[in-house]
Amino acid sequence: MTVRPKTLAWVHRHLAEGERVIKTETLHGGMTAEMRRLTIGAQDAVTRHLVLRSFVDPFYVKNAEEWLNREAGALSLLAGTGVLAPDLVAVDPTAAHCEYPSLLMTHLEGRSVLDDAGVETRAPLLARQLVAIHSLRPAERPQEFRTLTTAESVVVPKGGDANAWAAAIDVIRKPSPPYEGRFLHRDFQPGNVLFDVPPAHPERARIVGVVDWSQPSWGPADLDVAHCCTNLALLHDPSWGLRFAEEYEKAGGALATVASERLFWLVRDALSCSEEVGLWAQAYQAAGRTDLTTSVLEGRLDTYVTGLMDALG
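Residues numbered from 1 in each chain as written. Predicted model: local features only at pLDDT ≥ 70, side-chain atom pairs only at ≥ 80, totals over all residues. Heavy atoms only, no water.

Q: I keep staring at the environment of Gly-253 and nothing clicks. Help me out?
A: Mapped onto the elements, Gly-253 comes out in the loop between helix H6 (240–250) and helix H7 (259–274). A residue is classified by how much of its surface remains accessible, and Gly-253, at 12% relative accessible area, is buried. Put simply, Gly-253 and Arg-128 are 125 residues apart on the chain and 8.2 Å apart in space, counted from C-alpha to C-alpha. Contacts of Gly-253, omitting those with residues within four sequence positions, involve Val-131 and Tyr-248. (Helix = DSSP H or I, 4+ residues; strand = E, 2+ residues; numbered from the N terminus. Buried < 20%, exposed > 50% of the residue type's maximum accessible area, 1.4 Å probe, protein only. Contact = heavy atoms within 4.5 Å.)

Structure below.
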């Protein structure tokens with residue numbers, strides 16, 4: 001699919017003299033935005049790549065201005081820090097120049113890895129990267145975290161453990177526990193982390209960047225950790241939920257010390273997934289995990305929630 005005319009003209013205005021877009025490729029995996037890699041050619045035959053992020057779905061366009069402004073701000077903030085992220089090139093949050101609200105950024109080499117093989121190597125790397133993100137102290141804090149899930153919005157999977165889910169729902173009826181604020185990504189999970197994995201030496205995998213900074217927030221480290229826990233539990237095995245929390249602490253991260261407080265954040269994120277299991281399945285399948293059907297994810301989510309209640313409830 002080619003870039004639309006107005007958007008292409010906007011991109012060209014932000015290129016160096018003599019450069020032009022010579023190729024576009026669709027990037028898969030984004031749940032909310034259309035992603036394309038643009039190959040930029042120059043007169044000396046040297047090429048480079050940029051990434052174009054555009055919100056085209058009317059359901060998401062209504063939030064595009066806020067999300068793109070926040071992402072642009074986050075990318076600017078991250079420049080020069082120890083957290084590898086794309087560099088901001090340009091942003092058109094209201095579609096004043098493009099067909100749709102869009103953001104243009106540099107391209108990071110690497111790929112998201114969602115395979116089961118090698119997760120034991122990648123999980124500690126994810127944990128260390130998340131600790132680095134949480135160690136940032138921006139001069140201007142992003143907005144306070146927001147959660148939309150309520151006890152009434154939770155969808156219990158068919159065949160789920162009714163008692164465990166009822167107990168979990170009761171957990172999030174309570175007020176949020178006190179916490180020490182940290183800089184949060186708010187969607188830190190394997191799909192938003194790019195790896196370089198040498199085919200002959202997968203044990204030498206390394207992270208080359210973190211993407212999708214549309215929801216930077218200020219809140220408890222537990223919240224980011226819980227989100228990655230849920231993703232790992234669904235991608236690989238429910239046991240990876242609590243295992244990742246352990247990896248985060250081994251990497252030097254600090255989580256709530258009281259079991260009930262830790263449970264609150266883990267359960268809140270897991271229950272938020274219950275409303276969108278089908279969307280998660282679509283995203284995982286588009287990224288190559290065709291085995292992760294809605295029914296498979298529902299089963300893993302049920303096992304994960306039940307395990308959380310048994311371990312910390």
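Q: How should I be thinking about the layout of surface pockets in this particular structure?
A: Summary: where empty space remains is shown by rolling a probe the size of a single water molecule over the atoms. Taken as a whole, the second largest pocket holds about 250 Å³ of empty space. When contributions to the lining of the second largest pocket are tallied by element, the ones reaching two or more residues are helix H3 (119–134), helix H5 (221–235) and H7. The class makeup of the residues in the lining of the second largest pocket is 10 nonpolar, 4 polar and 4 charged. (1 Å grid on protein atoms, 1.4 Å probe; cavity = no way out; pocket = protein on both sides within 12 Å on 5 of 7 lines; lining within 4 Å. Points joined across faces, edges and corners; volume = space filled by probe spheres on them. Nonpolar A, V, L, I, M, F, W, Y, C, P; charged D, E, K, R; others polar.)

Q: Please explain the pattern of salt bridges as it appears in this structure.
A: Two side chains bearing opposite charge may form a pair once their charged atoms approach each other closely. Applying the stated criterion across every chain yields a total of 15 salt bridges. A salt bridge links Glu-152 to Arg-173, with the shortest nitrogen-to-oxygen separation between them at 3.3 Å. Here Glu-152, found in the loop between H3 and helix H4 (162–171), pairs with Arg-173, found in the loop between H4 and strand E6 (182–184); they are 21 residues apart in sequence, far enough to count as distant. Neither Glu-152 nor Arg-173 differs from the other in exposure class; each is exposed. The shortest N-O distance in the salt bridge between Arg-262 and Glu-249 comes to 2.9 Å. On the criterion of sequence distance, the pair formed by Arg-262 in helix H7 and Glu-249 in helix H6 is long-range, its members being 13 residues apart. The exposure class assigned to Arg-262 is buried, which follows from its relative accessible area of 18%. Sharing partners across several salt bridges, the network here consists of Arg-4, Glu-34 and Arg-36. (Salt bridge = Lys/Arg side-chain N within 4 Å of Asp/Glu carboxyl O.)

Q: Just to check I follow, could you spell out the nonpolar core for this structure?
A: Among soluble globular proteins, nonpolar side chains are generally buried collectively. Grouped together as the largest cluster of nonpolar side chains are 80 residues, with contacts concentrated most on Trp-213, Phe-244, Val-267 and Leu-271. Ranked by the residues each element gives to this core, the list is headed by H5, at 10 residues. Grouped together as the second largest cluster of nonpolar side chains are 12 residues, Trp-10, Val-11, Leu-50 and Cys-98 included. (Core = buried A, V, L, I, M, F, W, Y, C linked by side-chain atoms within 4.5 Å.)

All quantities given are derived from atomic positions and should not be read as evidence of function.
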